Amino acid sequence: MASPKFPKIQASFHGELKRRISEYFSQKGKNPTGNYKLYLKAGILLTAFIGIYIHLVFFTPGVLWGVLESITLGCLIAAIGFNVMHDGAHGSFSRYKWVNSFASNVANFLGASQHMWKTKHNVIHHTYTNIHGVDDDIEARPLLRLCDEQDHYKIHKYQHYYFWAAYSLLYLWWVFVTDYKKYFMLKIGSIPLKKMTAQEHFFFWFYKFAHAVIFVVLPIYFAGVIPWLVGFLTMGLVAGFVLSIVFQLAHTVEHTHFPMPNDATGKMEDEWAIHQLKTTANFATRNRVVSWFVGGLNFQVEHHLFPKISHVHYPAISKIIRKACEEYGIQYIEYPRVRYAVASHVSFLRQMGRK
């Protein structure tokens, strides 16, 4: 499938949003990247992860305590991904490029190739959100059916019951399967990967090797095969579920759309910013605990419209975007609580499960 094209509009809604957001930062005298609050949070998350890892691997606690620490490590992997890696990969963690690179590369040591992620997420998902055949984030076949254009299998009738188990596999599948699949097939979904340099090839394998040493070799050597297997699977399954559910609540709920390009022209109906608003939803934006943990990804509308702005500014700019949507008569999708978003996602899965 050829990449869809968005119509170019002279007086675009996106242009008006950019003007208002730029004006806000100018008036406040703020930099749109991260601040001391983000750096403090990053330090807390990374320190907690390293501390628990050391205790688990080198001091080998009892079974119950070890499982609890493995669950915590899984949550920390997700939180580091949301707060550190994600902002770093978008260049919004810091005003300094080398700091963003460091923040982004943290995920490499956790097993996820940043080279593949940046193409899959920054380029494809953020440009072609919820477009079947292009956006790899809504491709979970054969286990799940996430839009009308995807094939229906009998198992999908029950997907609203077993989705949590499928989501739990994300991290392990990502680290041990899909990164390599993208690497050897040289494409993500239907989109070809940019040719990798010798340096990029080297670092792909270097970080995969480093991850294997940190999360497989050392734990087995110091703790043993069975304790490692229990701990690693627990950590990986928890991380996978948390990572998955946060992103799914932002795009696969009852009120989000799954537009397709015109068959003849390949063009989308809406300009890019309108497309983002139709395909993206917020949830629990007044819950400070949720916002802190998920790195502002509950403000997914703001993130998709302005990915180069750090999530620490989303609560403020959300007011500007919401007001603009009201003025232009554009729907701003938001669920006030996490449970409402989860209920809508389950209902959506039930709908997609019907033939």
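It should be emphasised that the depicted structure is a prediction, and the values quoted were computed from it without experimental measurement.

Asks: I keep staring at the overall build of the protein and nothing clicks. Help me out?
Replies: Secondary structure summary: the protein contains 14 helices and four strands in total. At 21 Å, the protein has a C-alpha radius of gyration in line with the 20 Å of a compact globule built from 355 residues. Reported as C-alpha extents along the three principal axes, the dimensions of the protein are approximately 60 × 55 × 45 Å. Looking at the protein as a whole, 52% of its 355 residues qualify as buried. Residue pairs in contact within the protein that sit at least 24 positions apart in sequence constitute 71% of those at least 6 positions apart. Only carbon and sulfur atoms are counted for the fraction: they give 64% of the accessible area of the protein, which is about 17700 Å². Separation between the mean location of the 36 positive side-chain charges and that of the 22 negative ones in the protein comes to 4 Å.

Asks: Which parts of the structure should I look at to understand a positive patch on the surface?
Replies: Residues K28, K30, K37 and R288 make up a contiguous surface patch of positive charge. The residue K37 is located in helix 2 (residues 36-59) in this model.

Asks: Hey, could you run me through unusual backbone geometry in this one?
Replies: Note on backbone geometry: most residues besides glycine have negative phi, and most peptide bonds are trans. The step from R141 to P142 runs through a cis peptide bond, and the omega angle for that step is 5 degrees. By the element assignment, P142 lies in the loop between helix 5 (114-127) and helix 6 (159-168). You will see that N130, though not glycine, has its phi angle at about 60 degrees, which is positive. For N130, the position within the fold is in the loop between helix 5 and helix 6.

Asks: Just checking my understanding: could you explain the nonpolar core for this structure?
Replies: One broad rule of soluble globular proteins: the nonpolar side chains tend to lie buried together. Within the largest apolar cluster, 38 residues are counted, with the highest numbers of intra-cluster contacts made by F82, L144, F163, V246, F283 and Y335. Taken together, the elements giving at least two residues each to this core come down to helix 3 (63-89), helix 6, helix 9 (225-251) and helix 14 (338-353). Take this core: its biggest share by element is seven residues, from helix 9. With sequence-adjacent residues up to four places away left out, L144 is seen in contact with Q150, H156, Q159, Y162, F163, A166 and Y167. Counting residues in each nonpolar core, the second largest holds 25 residues, with I77, L110, L172 and A239 among its members.

What counts and how
Residues numbered from 1 in each chain as written. Predicted model: local features only at pLDDT ≥ 70, side-chain atom pairs only at ≥ 80, totals over all residues. Heavy atoms only, no water. Helix = DSSP H or I, 4+ residues; strand = E, 2+ residues; numbered from the N terminus. Rg over C-alpha atoms; globule rule 2.2 N^0.38 Å. Buried < 20%, exposed > 50% of the residue type's maximum accessible area, 1.4 Å probe, protein only. Contact = heavy atoms within 4.5 Å. Areas by Shrake-Rupley, 256 points an atom, 1.4 Å probe, with all protein chains shown as cover. Lys, Arg positive; Asp, Glu negative; His and termini not counted. Charge placed at Lys NZ, Arg CZ, Asp CG, Glu CD. Patch = residues over 30% accessible without salt bridge, like charges linked within 9 Å, V, L, I, M, F, W, Y side chains within 5 Å. Salt bridge = Lys/Arg side-chain N within 4 Å of Asp/Glu carboxyl O. Core = buried A, V, L, I, M, F, W, Y, C linked by side-chain atoms within 4.5 Å.

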